[in-house]
Amino acid sequence: MRVSRLLSPVLALALAPALATASRAQSPHETAAAPPTPVLVAVRAAHRGDVDRVVFEFRGGLPAKREVDYVDRLFADGSGRRVRVAGQALLRVRFERAQAHTDDGSPTAAPRRVAYALPNVMTAVRAGDFEAVTTYGLGLARRTPVRVTTLQAPPRVVVEVGAAFATVQRKVWFLDRDRFVEDQEPFFVAVRRPVVPGAPATGLMDRLFAGPLAGERSRGLRLLRSGATGYDDLTVVGGTADLRLTGRCRSGGSTVSIAGEVLPTLEQLPTVDRVVLRDASGSTLDPDGPGDSTPACLEP
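Presented here is a report on the structure given in the accompanying data block.

Rules and cut-offs
- Residues numbered from 1 in each chain as written.
- Predicted model: local features only at pLDDT ≥ 70, side-chain atom pairs only at ≥ 80, totals over all residues.
- Heavy atoms only, no water.
- Pairing = 2+ DSSP bridges.
- Helix = DSSP H or I, 4+ residues; strand = E, 2+ residues; numbered from the N terminus.
- Axes fitted to C-alpha atoms, helices over the stretch in contact; angles between N-to-C directions.
- Core = buried A, V, L, I, M, F, W, Y, C linked by side-chain atoms within 4.5 Å.
- Buried < 20%, exposed > 50% of the residue type's maximum accessible area, 1.4 Å probe, protein only.
- Contact = heavy atoms within 4.5 Å.
- Phe/Tyr/Trp six-rings, centres within 6.5 Å; stacked < 30°, edge-to-face > 60°.
- Lys NZ or Arg CZ within 6 Å of the ring centre and 35° of its normal.
- Parallel < 35°, antiparallel > 145°, perpendicular 65-115°, else oblique.
- Left-handed = near helix turned anticlockwise from the far one by under 90°.
- Nonpolar A, V, L, I, M, F, W, Y, C, P; charged D, E, K, R; others polar.

### Section: the sheet that holds strand 10 (residues 146–151)
1) Next: Reading across from one edge, 1-2-11-10 is the order of the 4 strands in this open sheet, with antiparallel pairing throughout. Edge positions in the sheet fall to strand 1 (39–48) and strand 10, since each has one partner strand and no second. Within the sheet, the average angular offset between the axes of one strand and its neighbour, ignoring direction, is 20°.
2) Next: Sheet analysis places strand 1 next to strand 2 (residues 51–59), joined by 9 bridges and oriented antiparallel. Looking across to strand 2, one finds that Arg-44 is bridged to Val-55.

Have a look at this one:
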């Protein structure tokens, strides 16, 4: 007997869903939809016990890959340009399959640059938000052991940095933008920061270039850089603190400059009677005089 190769109309209708499912399953051109990219929405930090905890909070899950390591320098993702981060140690935190912007390109509340008044962690600076890779640099007072954990509800990556060492409170001066605009002296005001007692001058300059805290910025405090990206060659000998600014140096014709922050910040120390502040080339107006010396580029 010959078996017909034609299906009856009823049987064909019954098998249609199964055949369609099999066809979709076997299609070599179809792939599963990619999961959404987690979005970084906040960066917080606090001191707990013997550690400083930096918390990166995400929306949409945790990044698939997390890398945390010490580096000598930090470079921007995409452009490759050097990213300056204040501190004596630099911890790079890299998230792969993560972004710090929404799908329409708008930035989230995660800060690009933020300062903290913690014993070890003094600043977090974003170095990249490029092709689903988000990178931050943490500027530290010391290089210490690090532990990384994750939490859920909401998704968080927690970076714990050792901070089991003594600090002392010292003052750092910043420009009060509102007082300057209103011509109400003093234009520079002091805030307190923890510094390592063994190298207070270095700690103070690191805290200065880390900038004001978020709350201090909301009150109008600003780091007046005068074009400087940082400092180098800091020494304190015979009552004289001598240091060189890095980057550019310019007053912009203003009567106030970064000197108004550096000089009082260093001269509060009992070991400092005068400050010699130099430009990037090492030049300053009166290095051997009895008083403070600043470079010509900071003159109005």
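### Re the nonpolar core
1) Next: With 37 residues, the main nonpolar core has Phe-209, Leu-243 and Val-262 as its most contacted residues.
2) Next: Looking at this core, the elements that each hand over two or more residues are strand 12 (168–176), strand 13 (188–195), helix 3 (200–210), strand 15 (228–237), strand 16 (240–247), helix 5 (259–267) and strand 17 (274–278).
3) Next: With residues near it in sequence (within four places) discarded, Leu-243 still touches Met-205, Tyr-231, Asp-232, Asp-233, Leu-234, Val-262, Leu-266, Val-275, Val-276, Leu-277 and Arg-278.
4) Next: Val-54, Val-93, Ala-98 and Ala-100 belong to the second-largest nonpolar core, a separate cluster that totals 23 residues.

### So, the packing of aromatic side chains
1) Next: Taken as a whole, this structure holds 5 aromatic pairs when the rule is applied.
2) Next: Pairing Phe-56 with Phe-95 gives two aromatic rings, centres 5.1 Å apart and planes at 65°, and the pair type is edge-to-face. With a gap of 39 residues between them, Phe-56 in strand 2 and Phe-95 in strand 6 (residues 89–96) connect regions that are remote in the sequence. Each member of the pair, Phe-56 as well as Phe-95, is classed as buried.
3) Next: Centre to centre, the rings of Phe-209 and Tyr-231 are 6.2 Å apart; their planes meet at 25°, and the pair counts as stacked. Residue Phe-209 is located in helix 3, and its partner Tyr-231 is located in strand 15; the two are separated by 22 residues in the primary sequence. For the pair shown, Phe-209 and Tyr-231 are each scored as buried.
4) Next: Among the aromatic residues, those joined into a cluster by ring pairs are Phe-56, Phe-58, Phe-95 and Tyr-136.
5) Next: Above the ring of Phe-165, the side-chain terminus of Arg-142 is found at 4.7 Å from the ring centroid.

### Observations regarding the sheet that holds strand 16
1) Next: Reading across the sheet, the 3 strands line up as 15-16-17 and stay open at both edges, with mixed pairing between neighbours. Of all the strands in the sheet, just strand 15 and strand 17 have a single pairing partner and so form its edges. For this sheet, the mean inter-axis angle between neighbouring strands, taken without regard to orientation, is 20°.
2) Next: One ladder, built from 7 bridges, connects strand 15 with strand 16; its direction is antiparallel. Bridge assignment links Tyr-231 to a residue of strand 16, and that residue is Leu-245.
3) Next: The strands touched by helix 3 are strand 15 and strand 16; relative to strand 15, the strand with the most contacts, the crossing angle is about 165°.
4) Next: Each of strand 16 and strand 17 touches helix 5; the most contacted strand, strand 17, lies at about 145° to it.

### Examining the packing of helix 3 against helix 5
1) Next: The geometry of helix 3 relative to helix 5 is characterised by a closest axis approach of 10 Å and an angle of 150° between their N-to-C directions. Put simply, helix 3 runs roughly antiparallel to helix 5. Here the hand of the crossing between helix 3 and helix 5 comes out right-handed. Only Glu-261, Val-262, Thr-265 and Leu-266 of helix 5 make contact with helix 3, whose side of the interface consists of Ala-201, Leu-204, Met-205 and Leu-208.
2) Next: Taken together, the residues of the contact of helix 3 with helix 5 sort by class into 6 nonpolar, 1 polar and 1 charged.

### Thoughts on unusual backbone geometry
1) Next: The omega angle of the peptide bond from Ala-153 to Pro-154 is 0°, so this bond is cis rather than trans.
2) Next: Locating Pro-154 in the fold gives a position in the loop between strand 10 and strand 11 (156–162).
3) Next: Across the junction of Glu-185 and Pro-186, the peptide omega takes the value 0°, indicating a cis bond.
4) Next: Although it is not a glycine, Ala-132 sits at a positive phi angle of roughly 65°.
5) Next: Mapped onto the elements of the fold, Ala-132 is located in the loop between strand 8 (121–130) and strand 9 (133–140).

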